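Residue-level structural notes
Okay, here's what each chain looks like letter by letter:
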Amino acid sequence: MSKKSVKDGSLYYRQKDILRPLGGVFMIAAVILIYFGWTMISYYIACVIAPLGLVFFFVGGSRHISDNDMLELSNRAMEGYDSVVTDAPYFNRVVLKQPADVICEAYAFGETARHFKRSKNGAVVSDVLTRSHVFFTKDGLLVASRTLSLTNLHPETGDGMTNGYWELPYATICSASIEEHATSAALTNTGKATTVRWYELVICDESGECLRLPVKNDMDASTLCDEINRRIPKMK
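A few points on the structure. On a predicted model such as this, the values are computed, not experimentally measured, just so you know. (Residues numbered from 1 in each chain as written. Predicted model: local features only at pLDDT ≥ 70, side-chain atom pairs only at ≥ 80, totals over all residues. Heavy atoms only, no water.)

1. Focus: unusual backbone geometry
- Here the residue pair Gln98 and Pro99 is connected by a cis peptide bond, since its omega of 0° sits within 30 degrees of zero.
- You can see Pro99 is positioned in the loop between α6 (91-94) and β1 (102-107). (Helix = DSSP H or I, 4+ residues; strand = E, 2+ residues; numbered from the N terminus.)

Rendered as structure tokens:
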């Protein structure tokens, strides 16, 4: 994994990565001119564009922020996000081993998201990332989460991080479900509009208040909902 220091997370969403491909084209063109060139002019041109291509390639590489760079940044910022539960003196005594705890992580595309980018695997990501850890106890749920604002994130100072912690007794929970949303987003680096489908784990209580956490629409999230709903008192 890359060890590059990311000082401006917004660059990840704004960058178009033109310099590196352009530098590669220049170097390839220089090789072709030297190999196939029949005149001194071809040789002179190659001598000019080859070093220029190298400069473009290395300057572009030094400025480029990759998906791995952002992954390293977010993982470092997430360290200890659930310590309010895992470091608690009651942890081994209260938290159940079965059902097992569940970690959910997903990008949010609601009102707080401002920047969007298509990653190398084709998925659209936003500048708001939430990781949540749900623990089961005999009487309820313990939920710890951290939301990162990736465009102004500084793990050393804690800027760009928002922590959450909830204790949810089964007796007060009415339902747990996965909600699907469709949001129109303009990619920051191209301006091209796209429709993004994203999901939230929604846990509602008797008062109508709902805890909403971004999740992936996968088996872990579905199983988590089933486990929660199974523990809700049947009279509801």
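2. A few points about the state of the cysteines
- Applying the stated criterion to the full structure yields 1 disulfide.
- Of all cysteine sulfurs in the structure, the one in Cys225 sits closest to Cys104, which takes part in no disulfide; the separation is 8.6 Å. (Disulfide = S-S within 2.5 Å.)

3. Quick notes on the layout of surface pockets
- The computed volume of the largest pocket comes to approximately 610 Å³.
- In this structure, the largest pocket is lined by 27 residues; those nearest its centre are Tyr107, Ser119, Ala123, Val124 and Val125.
- Counting residues per element, the ones that place at least two in the lining of the largest pocket are α1 (10-14), α4 (67-78), β1, β3 (124-126) and β8 (193-205).
- Partitioning the lining of the largest pocket into residue classes produces 16 nonpolar, 5 polar and 6 charged. (1 Å grid on protein atoms, 1.4 Å probe; cavity = no way out; pocket = protein on both sides within 12 Å on 5 of 7 lines; lining within 4 Å. Points joined across faces, edges and corners; volume = space filled by probe spheres on them. Nonpolar A, V, L, I, M, F, W, Y, C, P; charged D, E, K, R; others polar.)

4. With respect to the pairing of β8
- Note that strand β7 (residues 173-186) and β8 share 13 bridges and pair antiparallel. In the sheet register, His181 faces β8, and the bridge partner there is Trp198.
- Between β7 and β8, which pair antiparallel in sequence order, lie 6 residues; one of them, Gly191, sits at a positive phi of approximately 80°.
- Sheet topology places β8 next to strand β9 (residues 210-215); 6 bridges connect them, and they run antiparallel. Across the sheet, the residue bridging to Glu200 is Pro214, located in β9.
- Joining the antiparallel neighbours β8 and β9 is a turn of 4 residues, in which Gly208 adopts a positive phi near 95°. (Pairing = 2+ DSSP bridges.)

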